[in-house]
Amino acid sequence: MARPSKYQEDFCQLAEDTLAQGYSEAVLAGEIGVCLDTITEWKNVHPEFSASVRTGRMKGARVWEDILLQNAREGGGNATAAFFGLKNRVPAEWRDMTEQELSGAVTVNQ
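Description of the structure in this document. (Residues numbered from 1 in each chain as written. Predicted model: local features only at pLDDT ≥ 70, side-chain atom pairs only at ≥ 80, totals over all residues. Heavy atoms only, no water.)

**What to know about helix α1 (residues 11-20)**
And step 1. Restricting attention to buried positions, one finds in α1 the residues F11, C12, A15, E16, T18 and L19.
And step 2. Lining the buried residues of α1 we find α2 (25-32), α3 (36-45) and α4 (47-74).
And step 3. G22 sits one or two residues past α1 and shows a positive phi near 95 degrees. (Buried < 20%, exposed > 50% of the residue type's maximum accessible area, 1.4 Å probe, protein only. Helix = DSSP H or I, 4+ residues; strand = E, 2+ residues; numbered from the N terminus. Contact = heavy atoms within 4.5 Å.)

Quick look at the structure:
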């Protein structure tokens, strides 16, 4: 018999608030008292929780962008942590991207 889920609807607000501060889903899991796999499972099972996590992560990107901008404006400092924070939270906008276009006929050697 499966153990009952610890999931509660108020975890949605906790997820959004925690992630909006720039924290990771691992920190969220610790705040709730579950493992990271449970957070992943809840995102798959509870659409409202998944939406709160996504919203919180996007809000949290501002924290990391503020750190990066502050480092850029003040000069010096180490922006690496902020850069990696953004790459992990907003990969569509902050990933290292290389585009390659292929043209011509495709041949298969046998």
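**With respect to the packing of aromatic side chains**
And step 1. In this structure the tally under the stated criterion is five aromatic pairs.
And step 2. Ring geometry for Y7 and W42: centres 5.4 Å apart, planes at 70 degrees, overall edge-to-face. Here Y7 is found in the segment before α1, whereas its partner W42 is found in helix α3, with 35 residues between them in sequence.
And step 3. The class for Y7 is buried, based on a relative accessible area of 14%. (Phe/Tyr/Trp six-rings, centres within 6.5 Å; stacked < 30°, edge-to-face > 60°.)

**Overview of the nonpolar core**
And step 1. Counting 13 residues, the largest nonpolar core has L28, I32, I39, W42 and F49 as the members making the most contacts within it.
And step 2. For this core, the secondary structure elements donating two or more residues are α1, α2, α3 and α4.
And step 3. A total of four residues in this core trace back to one element, the largest contributor, which is α1.
And step 4. Leave out the neighbours within four places in its chain, and F49 touches Y7, F11, C12, A15, L28, I39, W42 and K43. (Core = buried A, V, L, I, M, F, W, Y, C linked by side-chain atoms within 4.5 Å.)

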